[in-house]
Amino acid sequence: MRSVIITISALMLLESIGAQTTLTEYTTQAVEYSTRIEEAELRGESAEAELRRIRREYLPELSFERSAEVDFNHSGMGRPWSWGTTLELSQVVWHGGAISAERDRQETEVAISELNKTLTLRGVVLEAKRRYCRLSYMELMLSSMEHYNEIVVSLRDVIKRRYDEGYSSKGDLLQIESRLSDAEYQLSSYVEQYEQALHSFNTLVGNDLTKRIRLSESILSMAELPERCNTEALEAEHPERRIAELRAEGARHEVRRVNSTYLPRIDLRAYGTLQPRQPHTSNTPINFGSGAMLGVSSVIYHFGERHEAVAAAKSEQLVYELEVEDIINEIRLQEQDAWTRVVSTHERLRALERGLGTVEENLEISTYAYNEGQTTILDVMQAQISWLQTYRNVLGAHYDYAVAVAEYSYITGY
């Protein structure tokens, strides 16, 4: 019966119209078209740009100021207006480590954005695999329903001939006509589901929704049991764990930054000025001035604000530290559940495949016996239902297994 399934699938693929694509090609197209990946890349670029900005805070700042003023109550000598120009070079000498803490925290954000891109990529690939498998599944289900319709039509023709010849009753003919009507209804339903799967398939890669696709691979060929990953390595290297650890590290840098705002600040400034000598007249010479200043400022006491601010930041840090343990447990649970599903669906798949040949043989025997007048139409129809249900279960098991393997790959990154 395995050969029958493959033959039906091959015939349907040969009759399909449109582009042919493999699973790898489809996932590549989905990755290239994905706006989610593009958004993740833009967030990464934003984080890197912010890091470059923070690093420039170490550098001196050169500023220019030009001003003019008018004294409306002027009553003395000279003009009632004046102007001034200042060029200033300033440098933060020390700010309690605030700049380095902010830089370190932003570096963790850059690393997190890279890991988020990895997770986003995995998610897009998983969705592509799901839609590819779904379309393959619906192709096979539709093909099986078409084959079932052919079986019912063939039996209806036999019964119609036997009825015309007086060997079958009117009741047999009515029952098979009713079964054919139900089969046609189910076929229409599967056509709709196939079209919806095709639309979903095309949407992920930006194709026209109704573009016909010929798949190069089938869920029937995705039946090999993969090797289980090294769980210890997975827990240590999983992107979600690394993100949690980086967030905890960023929280430690935030504690430093909050604390540094209450430490002394030392600034060095050098300036040059250009302005007319007072009183300002048409003959007033221009004064050039310059100088340098070393400034020191510090909060001495603010009713325990620093203590409370640091305590709040440390509490937030501890939250992130605890989240690391939660993430590790969650990764361990996800991997175990995913692997259990892979093994379980593989076992169900093999069990159903063994029973498929039995129901196929039973259908052939029942049909032959009815043609020879040795059994009733009810026995044949029951054999048909048993064959169709078992066939559907086999295809469903193949689909569940293919999706389970894809989800395990998403979790493990393999």
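Reading the values: the criteria
- Residues numbered from 1 in each chain as written.
- Predicted model: local features only at pLDDT ≥ 70, side-chain atom pairs only at ≥ 80, totals over all residues.
- Heavy atoms only, no water.
- Core = buried A, V, L, I, M, F, W, Y, C linked by side-chain atoms within 4.5 Å.
- Buried < 20%, exposed > 50% of the residue type's maximum accessible area, 1.4 Å probe, protein only.
- Helix = DSSP H or I, 4+ residues; strand = E, 2+ residues; numbered from the N terminus.
- Contact = heavy atoms within 4.5 Å.
- Expected span 1.5 Å × (residues − 1).
- Pairing = 2+ DSSP bridges.
- Axes fitted to C-alpha atoms, helices over the stretch in contact; angles between N-to-C directions.
- Patch = residues over 30% accessible without salt bridge, like charges linked within 9 Å, V, L, I, M, F, W, Y side chains within 5 Å.
- Areas by Shrake-Rupley, 256 points an atom, 1.4 Å probe, with all protein chains shown as cover.
- Salt bridge = Lys/Arg side-chain N within 4 Å of Asp/Glu carboxyl O.
- Lys, Arg positive; Asp, Glu negative; His and termini not counted.
- Charge placed at Lys NZ, Arg CZ, Asp CG, Glu CD.
- Parallel < 35°, antiparallel > 145°, perpendicular 65-115°, else oblique.
- Nonpolar A, V, L, I, M, F, W, Y, C, P; charged D, E, K, R; others polar.
- Left-handed = near helix turned anticlockwise from the far one by under 90°.
- Disulfide = S-S within 2.5 Å.
- Phe/Tyr/Trp six-rings, centres within 6.5 Å; stacked < 30°, edge-to-face > 60°.
- 1 Å grid on protein atoms, 1.4 Å probe; cavity = no way out; pocket = protein on both sides within 12 Å on 5 of 7 lines; lining within 4 Å.
- Points joined across faces, edges and corners; volume = space filled by probe spheres on them.

Chemist: Explanation requested: the nonpolar core in the structure shown.
Modeler: Soluble, globular proteins show a tendency: their nonpolar side chains are buried together. In terms of nonpolar packing, the biggest core is built from 51 residues, with Leu135 and Trp387 touching the most fellow members. For this core, the secondary-structure elements that each account for two or more residues are helix H2 (23–33), helix H4 (98–164), helix H5 (170–203), strand E4 (213–215), helix H8 (305–371) and helix H9 (377–412). Looking at this core element by element, the count peaks at 16 residues for H4. When near neighbours in sequence (up to four residues on either side) are disregarded, Leu135 contacts Tyr194, Ala197, Leu198, Phe201, Ile213 and Leu215.

Chemist: I keep staring at helix H7 (residues 239–260) and nothing clicks. Help me out?
Modeler: The α-helix winds at 3.6 residues per turn, so residues separated by three or four positions along the chain end up facing the same way. Helix length check: H7 (22 residues) gives 31 Å between terminal C-alpha atoms against 32 Å at 1.5 Å per residue, within 8%. Turning to H7, its buried residues number three or more, namely Pro239, Arg241, Ile243, Ala244, Leu246, Ala248, Gly250, Ala251, His253, Val255, Val258 and Ser260.

Chemist: Help me understand H9 in this model?
Modeler: Between its first and last C-alpha atoms H9 spans 52 Å; for 36 residues at 1.5 Å apiece the expected length is 52 Å, and the two agree. After H9 finishes, the residue Gly413 shows a positive phi value of roughly 80°.

Chemist: Would you take a moment to explain the sheet that holds strand E3 (residues 81–94) for this structure?
Modeler: Two orientations exist for strands paired in a sheet by backbone hydrogen bonds: parallel and antiparallel. Strand order in the open sheet made by the 4 strands is E2-E3-E5-E6, with antiparallel pairing throughout. With partners counted over all chains shown, the strands left at the sheet margins are strand E2 (61–70) and strand E6 (286–297), one partner each. For this sheet the average axis-to-axis angle between neighbouring strands, irrespective of direction, equals 20°.

Chemist: Please explain a negative patch on the surface as it appears in this structure.
Modeler: Residues Glu316, Glu323, Glu325, Asp326, Glu330 and Asp337 make up a contiguous surface patch of negative charge. Inspection of the secondary structure assignment puts Asp337 in helix H8. For Asp337, a relative accessible area of 46% translates into the label partly exposed.

Chemist: Looking at this structure, how should I read a nonpolar patch on the surface?
Modeler: Where nonpolar side chains cluster on the molecular surface, the patch consists of Val93, Trp94, Leu268, Leu294 and Val296 and spans about 520 Å² of accessible area. Of all the secondary-structure elements, those providing two or more residues to the nonpolar patch are E3 and E6. Locating Val296 in the fold gives a position in strand E6. On the basis of relative accessibility, which here comes to 61%, the residue Val296 falls in the exposed class.

Chemist: Help me understand the packing of H4 against H9 in this model?
Modeler: Angle between the axes and distance between the axes are the two parameters that describe a pair of packed helices. Where H4 contacts H9, the two axes come as close as 9 Å, and the packing angle between them is 170°. When the axes of H4 and H9 are compared, the pair comes out roughly antiparallel. Class assignment for the residues of the contact of H4 with H9 results in 24 nonpolar, 7 polar and 6 charged.

Chemist: Help me understand the packing of H4 against H7 in this model?
Modeler: Two numbers describe how H4 lies on H7: the axes approach to 8 Å, and their chain directions differ by 160°. As judged from the angle between their axes, H4 and H7 are roughly antiparallel. Handedness of the crossing formed by H4 with H7: left-handed.

Chemist: I'm lost on the state of the cysteines in this one. Help?
Modeler: Chemically, a disulfide is nothing more than a covalent bond linking the sulfur atoms of two cysteines. A complete count under the given rule lists 0 disulfides for this structure. Note on Cys133: no disulfide assigned, nearest cysteine sulfur contributed by Cys229 at a separation of 20 Å.

Chemist: Mind showing me how you'd approach unusual backbone geometry here?
Modeler: Note on backbone geometry: most residues besides glycine have negative phi, and most peptide bonds are trans. Backbone geometry places Phe303, a non-glycine residue, at a positive phi of 55°. Topologically, Phe303 is positioned in the loop between E6 and H8. For Phe303, a relative accessible area of 71% gives the class exposed.

Chemist: Please clarify how the packing of aromatic side chains should be interpreted in this entry.
Modeler: Given two aromatic rings, their pairing is described by the distance between the two centres and the angle made by the two planes. As enumerated under the stated definition, the model contains 6 aromatic pairs in all. The interplanar angle of 10° and the centroid separation of 3.9 Å between the aromatic rings of Tyr26 and Phe201 together place this pair among those described as stacked. Taken together, the residues span a long stretch of sequence, with Tyr26 in helix H2 and Phe201 in helix H5 at a distance of 175 residues. Owing to a relative accessible area of 0%, Tyr26 belongs among the buried residues under this scheme. Judged by relative accessible area, Phe201 falls into the buried class, the value being 1%. The interplanar angle of 55° and the centroid separation of 5.1 Å between the aromatic rings of Tyr301 and Phe303 together place this pair among those described as tilted. Assigned by exposure class, Tyr301 and Phe303 land together as exposed. An aromatic cluster is defined as three or more aromatic residues linked by ring pairs; in this entry it consists of Tyr26, Tyr132 and Phe201.

Chemist: Help me understand the layout of surface pockets in this model?
Modeler: The rolling of a water-molecule-sized probe over the atoms marks out the regions of remaining empty space. Taken as a whole, the largest pocket holds about 220 Å³ of empty space. Those elements that provide at least two residues to the lining of the largest pocket are H4 and H9. Classifying every residue of the lining of the largest pocket by side-chain character gives 8 nonpolar, 2 polar and 2 charged.

Chemist: I would appreciate a short explanation of empty space enclosed by the protein in the present structure.
Modeler: With the rule as written, the count across this model stands at 1 cavity of 30 Å³ or more. One number sums up the size of the largest cavity: a volume of about 30 Å³. Together, Leu119, Arg122, His238, Glu240, Gln334, Tyr410 and Ile411 line the largest cavity. Looking at the lining of the largest cavity, the elements with two or more residues in it are H4 and H9. Looking at the lining of the largest cavity residue by residue, the classes come out as 3 nonpolar, 2 polar and 2 charged.

Chemist: Explanation requested: the pattern of salt bridges in the structure shown.
Modeler: When charged atoms on two side chains of opposite charge get close, those side chains can pair. In total, this model carries 24 salt bridges according to the counting rule given. For the salt bridge of Glu254 with Arg105, the shortest nitrogen-to-oxygen distance reads 3.2 Å. Of the two residues, Glu254 sits in helix H7 while Arg105 sits in helix H4, which places them 149 residues apart along the sequence. Judged by its relative accessible area of 24%, Arg105 is partly exposed.

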